Amino acid sequence: MTISYNFHPKHQTAIAQYNITLGKKMFVSQLHIQSSGLSHDLIRRYIHFTPHQPYSVKWLEQSRVDLLTSDYFNSVQIKPIWSKIKQRAVPVMIETTPK
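Because the structure is a prediction, the values reported are computed rather than measured. (Residues numbered from 1 in each chain as written. Predicted model: local features only at pLDDT ≥ 70, side-chain atom pairs only at ≥ 80, totals over all residues. Heavy atoms only, no water.)

(A) Quick look at the environment of Val 90. Checked against the element boundaries, Val 90 lands in strand E5 (residues 89-98). Contacts of Val 90, omitting those with residues within four sequence positions, involve Met 26, Phe 27, Val 28, Ser 29, Gln 30, Tyr 55, Pro 80, Ile 81, Trp 82 and Ile 85. (Helix = DSSP H or I, 4+ residues; strand = E, 2+ residues; numbered from the N terminus. Contact = heavy atoms within 4.5 Å.)

See the structure below:
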């Protein structure tokens with residue numbers, strides 16, 4: 001990533017330019033579901049990603065919101081397990097607490 005700035009004191013402005021170099025895409029390797037009392041199939045209905053798809057924070061967050069608004073859960077956490085990443089494939093943990 002590179003950052004450059006141009007300051008214009010006379011106009012009291014500044015322009016910042018960010019250049020970000022993206023790395024290689026990551027993929028979801030596995031889904032680990034921890035939920036007591038409700039079936040994993042029910043949870044999978046609200047998940048917007050599957051193993052072998054590109055990893056997307058947007059899909060993880062949308063899945064979390066959809067699970068929470070389903071009226072089945074008091075809490076939902078969806079998080080990558082970074083310590084288990086292998087060859088750009090990251091497993092994802094889904095933890096729910098039913099109502």
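Picking up after the structure, the text goes on.
(B) Molecular detail of a nonpolar patch on the surface. A cluster of nonpolar residues, Ile 3, Tyr 5, Phe 7, Tyr 18, Ile 20 and Leu 22, forms a patch on the protein surface that exposes about 750 Å² of accessible area. Per-element accounting of the nonpolar patch gives the leading share, 3 residues, to strand E1 (residues 2-8). The residue Ile 3 is located in strand E1 in this model. (Patch = residues over 30% accessible without salt bridge, like charges linked within 9 Å, V, L, I, M, F, W, Y side chains within 5 Å. Areas by Shrake-Rupley, 256 points an atom, 1.4 Å probe, with all protein chains shown as cover. Salt bridge = Lys/Arg side-chain N within 4 Å of Asp/Glu carboxyl O.)

(C) The packing of aromatic side chains, seen in detail. Evaluation of the coordinates by the stated rule reveals 4 aromatic pairs. Ring geometry for Tyr 5 versus Phe 7: centroids 6.0 Å apart, planes at 10 degrees, classification stacked. Under the relative-accessibility criterion, Tyr 5 is labelled partly exposed at 48%. The exposure class of Phe 7 is exposed, given its relative accessible area of 61%. Aromatic rings pair up to connect Tyr 46, Tyr 72 and Phe 73 into one cluster. (Phe/Tyr/Trp six-rings, centres within 6.5 Å; stacked < 30°, edge-to-face > 60°. Buried < 20%, exposed > 50% of the residue type's maximum accessible area, 1.4 Å probe, protein only.)

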